[in-house]
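Residue strings, one per chain:
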Amino acid sequence: MKHHLKNILRLWKILEPFHKYFYLQLFLILCTQGIVVWYAKLSSDILNSLITRDPRLIMSFLFIWAFVILLDKTIEFASKTNSTKNLDQKIYQHLQEFSFKKLFSLNVSQYIEEHSALKLTIIQKGENSIEQIIDKIITTVIPTLALIVISTITLAFYSPLIAGVSFVIIIIIFAWAYSFNQKQYPFIITNRDNWNLQSKFRSDSFMHLQLIKTLNRATYFLKTYLKKRLETTTYHIQTRLRSNKHTIARETFTEFATFFSLGLAVILFLRDEYTIGTIYLI
């Protein structure tokens, strides 16, 4: 955990020129997820107002709903504009510039001894991985966390019981995912190292192709490469299958947890403790 936090802080320092845009994006994400919950709340209010058959109440909620739609699209446009203009490719460009400067800070002996082709491949993979991680954080992780917090707080006003059950379920899911990731991490590192060794073996063969042909060792190198390639592929498949099993199990638990929460809400509705709108909101 300490190692991951150190890497995150290091990356955050590297991306210092983009901090203000991250904060703006975070604010817009919070607004967007808040509106998602607001949609549900308005929908539940409209359902309840239909039961009362009060035209003024119904119309007022419909006008508010139209305003929320306009507000949502305005914030969505601002979020996409900020992401496109100030993040995305500009971050990738910044990372390439950073790694390029680091690469040129090496002396000639380091560059040759540490295998320049492999080093460049690793750097490119690192740049792509960081870009994917940042994109995942902005488009998935932060919105999900924001929606969880806002939804749980909103539910607590209508049903502390359902909010409490939901919160416990969320904690279980996060703890489960974190525990698995800690166990899976060494396999992912080994898998990455295996592919890097394959790249090194391949590029070494190309660099010394003339010598290999002269010594008539082409068949040996090909058999060795294919054998190592098969071992690497097998290990990669086993690592992915382990992740797939965990994902399916966690998603199954989540679906049944949702079913349990809704079932509990229906029971309370049948006891006249909830309205139809509250059921919809939950």
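Residues numbered from 1 in each chain as written. Predicted model: local features only at pLDDT ≥ 70, side-chain atom pairs only at ≥ 80, totals over all residues. Heavy atoms only, no water.

An account of the overall build of the chain is needed here, citing residue identities and associated values.
The number of helices and strands found in the chain is 10 helices and zero strands. Helices (α) and strands (β) of the chain occur, in sequence order from the N terminus, as α-α-α-α-α-α-α-α-α-α. Burial status across the chain gives 27% buried among its 282 residues. Looking at the chain alone, contacts between residues at least 24 apart form 78% of all its contacts between residues at least 6 apart. Only carbon and sulfur atoms are counted for the fraction: they give 68% of the accessible area of the chain, which is about 19500 Å². (Helix = DSSP H or I, 4+ residues; strand = E, 2+ residues; numbered from the N terminus. Buried < 20%, exposed > 50% of the residue type's maximum accessible area, 1.4 Å probe, protein only. Contact = heavy atoms within 4.5 Å. Areas by Shrake-Rupley, 256 points an atom, 1.4 Å probe, with all protein chains shown as cover.)

I'd love a proper account of the nonpolar core, names of residues and values included.
Listed in full, the 11 residues of the largest apolar core are Leu-155, Ile-162, Ala-163, Val-165, Ile-169, Ile-173, Ala-257, Leu-264, Ala-265, Leu-268 and Tyr-274. When contributions to this core are tallied by element, the ones reaching two or more residues are helix H7 (160-207) and helix H9 (218-270). The element best represented in this core is H7, accounting for five residues. Phe-18, Ile-29, Ile-91 and Leu-95 belong to the second largest nonpolar core, which has 10 residues in total. (Core = buried A, V, L, I, M, F, W, Y, C linked by side-chain atoms within 4.5 Å.)

Any details on a nonpolar patch on the surface? Residues and values, ideally.
Taken together, the side chains of Leu-47, Leu-50, Ile-51, Ile-276 and Tyr-280 make up a nonpolar region of the molecular surface, amounting to roughly 460 Å² of accessible area. Listing elements by their share of the nonpolar patch, those giving two or more residues are helix H2 (19-52) and helix H10 (276-281). The element contributing the most residues to the nonpolar patch is H2, with three residues. Tracing the chain through its elements places Leu-50 in helix H2. (Patch = residues over 30% accessible without salt bridge, like charges linked within 9 Å, V, L, I, M, F, W, Y side chains within 5 Å. Salt bridge = Lys/Arg side-chain N within 4 Å of Asp/Glu carboxyl O.)

If you had to explain the pattern of salt bridges to someone new, which residues and values would you point to?
Pairs may arise between side chains of opposite charge once their charged atoms sit close together. As enumerated under the stated definition, the model contains five salt bridges in all. Among the ionic pairs, Lys-80 bridges to Glu-76, the shortest N-O distance being 3.2 Å. Within this pair, Lys-80 and its partner Glu-76 are both found in helix H3 (residues 55-86), separated by four residues, close to a single helical turn. Using a relative accessible area of 53% as the deciding quantity, one classes Lys-80 as exposed. Residue Glu-76 is classed as partly exposed on the basis of its relative accessible area of 27%. Here Asp-193 ties to Arg-192 by a salt bridge, and the two come within 3.2 Å at their closest N and O atoms. Within the structure, one salt-bridge network assembled from shared partners comprises Lys-73, Glu-76 and Lys-80.

A description of the environment of Trp-38 should follow, citing residues and the corresponding values.
Residue position: Trp-38 is located in helix H2. Counting along the chain gives 112 residues from Trp-38 to Ile-150, while the straight-line C-alpha distance between them is 9.7 Å. Residue contacts for Trp-38: discarding those within four places in its chain leaves Ile-64, Phe-67, Val-68 and Leu-71.

Can you explain the packing of aromatic side chains? Please cite residues and give values.
Across all of its chains, the model carries three aromatic pairs by this definition. On the numbers, 6.0 Å between centres and 70° between planes, the contact of Trp-12 with Tyr-23 is edge-to-face. Of the two residues, Trp-12 is situated in helix H1 (residues 2-14) and Tyr-23 in helix H2; the sequence distance between them amounts to 11 residues. Arranged with centres 5.8 Å apart and planes meeting at 75°, the rings of Trp-176 and Phe-253 form a pair that is edge-to-face. Here the residue Trp-176 occupies a position in helix H7, and Phe-253 occupies one in helix H9, the gap between them amounting to 77 residues. An aromatic cluster is defined as three or more aromatic residues linked by ring pairs; in this entry it consists of Trp-12, Phe-22 and Tyr-23. A cation sits over an aromatic face here: Arg-242 above Phe-187, 4.0 Å from the ring centre. (Phe/Tyr/Trp six-rings, centres within 6.5 Å; stacked < 30°, edge-to-face > 60°. Lys NZ or Arg CZ within 6 Å of the ring centre and 35° of its normal.)

Before we move on, could you go through unusual backbone geometry and cite the residues and values that matter?
With a phi angle near 65°, Asp-272 is a residue other than glycine that sits in the positive phi range. Mapped onto the elements of the fold, Asp-272 is located in the loop between H9 and H10.

Describe the confidence of the model for the chain, naming the residues involved and giving the relevant values.
Averaged over every residue, the pLDDT of the chain is 81; the share at 70 or more is 88%. Mean pLDDT across the secondary structure elements of the chain bottoms out at helix H5 (residues 108-113), with 53, and peaks at H2, with 87. (pLDDT = per-residue confidence, 0-100.)

Which residues make up the packing of H2 against H3, and what values go with them?
Across the interface, H2 lies against H3 with an axial gap of 9 Å and an inter-helix angle of 160°. Looking at the two axes, H2 sits roughly antiparallel to H3. When you trace H2 past H3, the crossing you get is left-handed. Looking at side-chain class alone, the contact of H2 with H3 contains 22 nonpolar, nine polar and two charged residues. (Axes fitted to C-alpha atoms, helices over the stretch in contact; angles between N-to-C directions. Parallel < 35°, antiparallel > 145°, perpendicular 65-115°, else oblique. Left-handed = near helix turned anticlockwise from the far one by under 90°. Nonpolar A, V, L, I, M, F, W, Y, C, P; charged D, E, K, R; others polar.)

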